[in-house]
Amino acid sequence: MTTINEKRRFKRFPVLYHLVKPVLIKTGNMSNETALPAIMANLSAGGMALFTFAPLAIGQKLLISFVLRDLKIENIEAKIVRCENKEGSYVIGFQFLNITKEIDNKLRRMADDFDACQMRIVLGDKSACKKDCGYFDHCQKPIKKTF
């Protein structure tokens, strides 16, 4: 039996659906701020992964803002923990440094509900989709269309 050694402390869930989700990244000091466009790939209570066209330095701290359907995050301090070149674009991994307990709880619930749904689908549960799911507003799974 093969086991996967997961290094992350928090479950992640995808956020790429229909339209890309823009993320504002603010780098530099407040008097010389630069905004970089980015696209969110996944999210967790501990951090996120983004696609961008500019490399960023591992260890760099910056501010991140974004809006999902039911979640607005503004000026969350984050640290870059990964920067991977993907043929001219970059996958940037961020660790959140100061999210509120309310946002932390919401992100954990979304991740847990996404995970539980995946398991129900794998097990063949025809009623896998639940209206009270924390990920419901973001879900694009075909099974939701039968809900």
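Nothing here was measured: the structure is a model prediction, and the numbers come from that model.

Definitions and cut-offs
- Residues numbered from 1 in each chain as written.
- Predicted model: local features only at pLDDT ≥ 70, side-chain atom pairs only at ≥ 80, totals over all residues.
- Heavy atoms only, no water.
- 1 Å grid on protein atoms, 1.4 Å probe; cavity = no way out; pocket = protein on both sides within 12 Å on 5 of 7 lines; lining within 4 Å.
- Points joined across faces, edges and corners; volume = space filled by probe spheres on them.
- Nonpolar A, V, L, I, M, F, W, Y, C, P; charged D, E, K, R; others polar.
- Salt bridge = Lys/Arg side-chain N within 4 Å of Asp/Glu carboxyl O.
- Buried < 20%, exposed > 50% of the residue type's maximum accessible area, 1.4 Å probe, protein only.
- Helix = DSSP H or I, 4+ residues; strand = E, 2+ residues; numbered from the N terminus.
- Contact = heavy atoms within 4.5 Å.
- Expected span 1.5 Å × (residues − 1).
- Pairing = 2+ DSSP bridges.
- Patch = residues over 30% accessible without salt bridge, like charges linked within 9 Å, V, L, I, M, F, W, Y side chains within 5 Å.
- Areas by Shrake-Rupley, 256 points an atom, 1.4 Å probe, with all protein chains shown as cover.

A. Quick look at empty space enclosed by the protein. Scanning the entire structure with this criterion turns up 1 cavity of 30 Å³ or more. In this model, the largest cavity occupies a volume close to 50 Å³. Residue classes in the lining of the largest cavity are distributed as 7 nonpolar, no polar and 2 charged.

B. Looking closely at the pattern of salt bridges. Under the definition given, this model contains 5 salt bridges. With its nearest N and O atoms 2.8 Å apart, the salt bridge here joins glutamate 84 to lysine 86. Owing to a relative accessible area of 30%, glutamate 84 belongs among the partly exposed residues under this scheme. Overlapping salt bridges bring together Arg82, Glu84 and Lys86 as one network.

C. Quick look at the environment of leucine 56. Inspection of the secondary structure assignment puts leucine 56 in the loop between β4 (47-52) and β5 (61-68). For leucine 56, a relative accessible area of 10% puts it in the buried group. In this structure, the C-alpha to C-alpha distance between leucine 56 and glutamate 84, residues 28 residues apart in sequence, is 9.5 Å. Among residues more than four places away in sequence, those in contact with leucine 56 are Ile25, Thr27, Leu36, Leu62, Ile80, Cys83, Ile92 and Phe94.

D. Spatial organisation of helix α1 (residues 101-122). Given a rise of 1.5 Å per residue, 22 residues ought to cover 32 Å, and the 31 Å separating the end C-alpha atoms of α1 matches this to within 8%. Three or more residues of α1 are buried, namely Ile103, Asp104, Leu107, Met110, Ala111, Asp113, Phe114 and Cys117. Just downstream of α1, glycine 124 is the residue with a positive phi angle, here 85°.

E. Inspection of the pairing of strand β6 (residues 71-86) at higher detail. Note: β5 against β6, 7 bridges, orientation antiparallel. Of the residues in β6, the one forming a bridge with lysine 61 is lysine 79. Where β5 folds back on β6, the antiparallel hairpin that results is connected by 2 residues. As paired elements, β6 and strand β7 (residues 89-96) share 8 bridges and run antiparallel to each other.

F. Local environment of the environment of cysteine 133. Within the secondary structure layout, cysteine 133 lies in the segment after α1. Measuring from C-alpha to C-alpha, the distance between cysteine 133 and phenylalanine 114 comes to 7.9 Å, with 19 residues separating the pair along the chain. When residues no more than four places from it in sequence are discounted, the contact partners of cysteine 133 are Arg109 and Asp113.

G. How the structure looks around a nonpolar patch on the surface. The grouping of Met119, Val122 and Leu123 at the surface amounts to a nonpolar patch, some 360 Å² of accessible area in total. Tracing the backbone through its elements, the reader meets methionine 119 in helix α1.

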